[in-house]
Amino acid sequence: MCRGCDVDSGPGRGEIWAKATQDEKAFERNAQASMMKKILDAYGVSARELPAGDTYLLSNRTGGSLVVAGIRHVWAGAASLAGREIDLLDDKFLLSLEESS
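This write-up is about the structure you can find in this document. Computed from a predicted model, the values in this text were never measured in an experiment. Just so you know, the residues in each chain are numbered from 1, in the order the chain's sequence is written. Whole-chain, interface and lining totals are the exception, using all residues; otherwise, since this is a predicted model, local features are given only for residues with pLDDT of at least 70 and side-chain atom pairs are given and counted only at 80 or more. Only heavy atoms go into the side-chain values, all of them from the structure, while hydrogens and water stay out.

1. Thoughts on the overall build of the protein chain
Strands here are runs of E lasting at least two residues and helices are runs of H or I lasting at least four, both read from the DSSP assignment and numbered beginning at the N terminus. Looking only at helices and strands, the protein chain features three helices and three strands. If you list the helices and strands of the protein chain from N to C, you get α-β-β-β-α-α. For every residue, the accessible area obtained with a 1.4 Å probe (protein chains only) is divided by the maximum for its type, and the residue is called buried under 20%, exposed over 50%, and partly exposed between those limits. With 101 residues in all, the protein chain has 36% of them scored as buried. The contact criterion used throughout is that any non-hydrogen atoms of two residues lie within 4.5 Å. Sequence separation of 24 or more characterises 41% of the internal contacts of the protein chain that already satisfy a separation of 6 or more. A 1.4 Å probe and the Shrake-Rupley method give the accessible areas. Residues count as covered only by the protein chains that appear here. Accessible surface for the protein chain amounts to roughly 6,300 Å². Of this, 53% is attributable to carbon and sulfur atoms.

2. Structural notes on helix α1 (residues 22-42)
Each turn of an α-helix holds 3.6 residues, which means side chains three or four residues apart point in the same direction. Every helix has an expected span of 1.5 Å times one less than the residues it contains. The end-to-end C-alpha separation of α1 is 31 Å, in line with the 30 Å expected for 21 residues at 1.5 Å each. The set of residues buried in α1 consists of Lys-25, Glu-28, Ala-31, Gln-32, Met-35, Met-36, Ile-39 and Leu-40. Axial view of α1: buried residues confined to an arc of 155°, hence all on one face. Those residues of α1 that are exposed and angled more than 90 degrees off the buried face are Gln-22, Asp-23, Phe-27, Asn-30 and Lys-37. Here the arc refers to the directions that run from the helix axis out to each C-beta atom.

3. Points about the pattern of salt bridges
Oppositely charged side chains may form a pair once their charged atoms are brought near each other. Any Lys or Arg side-chain nitrogen found within 4 Å of a carboxyl oxygen on Asp or Glu counts as a salt bridge. What the rule picks out here adds up to one salt bridge. Where Lys-37 meets Asp-41, a salt bridge forms, and the shortest distance between an N and an O atom there is 2.8 Å. Placement of the pair is Lys-37 and Asp-41 together in helix α1, with a separation of four residues, close to one helical turn.

4. Remarks on helix α2 (residues 74-82)
Among the residues making up α2, those that are buried are Val-74, Trp-75, Gly-77, Ala-78, Ala-79 and Leu-81. Buried residues belonging to α2 abut α1, β1 (45-49), β2 (55-60) and β3 (65-69). Where α2 terminates, the next one or two residues include Gly-83, which has phi positive at roughly 80°.

This is the structure in structure tokens:
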């Protein structure tokens, strides 16, 4: 599963992560956060996970903001703030992610 979407809840949460070690969960959360930052930065959007867990505050450079519940809603919310669709499969992202792994 893509680190950008994951399943109903982000890494470290939900049934798929029940048997993962704390280190595995931390590694996946860090990898996901790094990938999200790289993509969202290109669209002028930032994301910050809120203390409630699996809830994100999205902001754009002009002061717009949006709270989304669940990692699966980050991309639609970010597209709304960016004013254009976000293409997670754009070659520039795929190549940079491949180089960093």
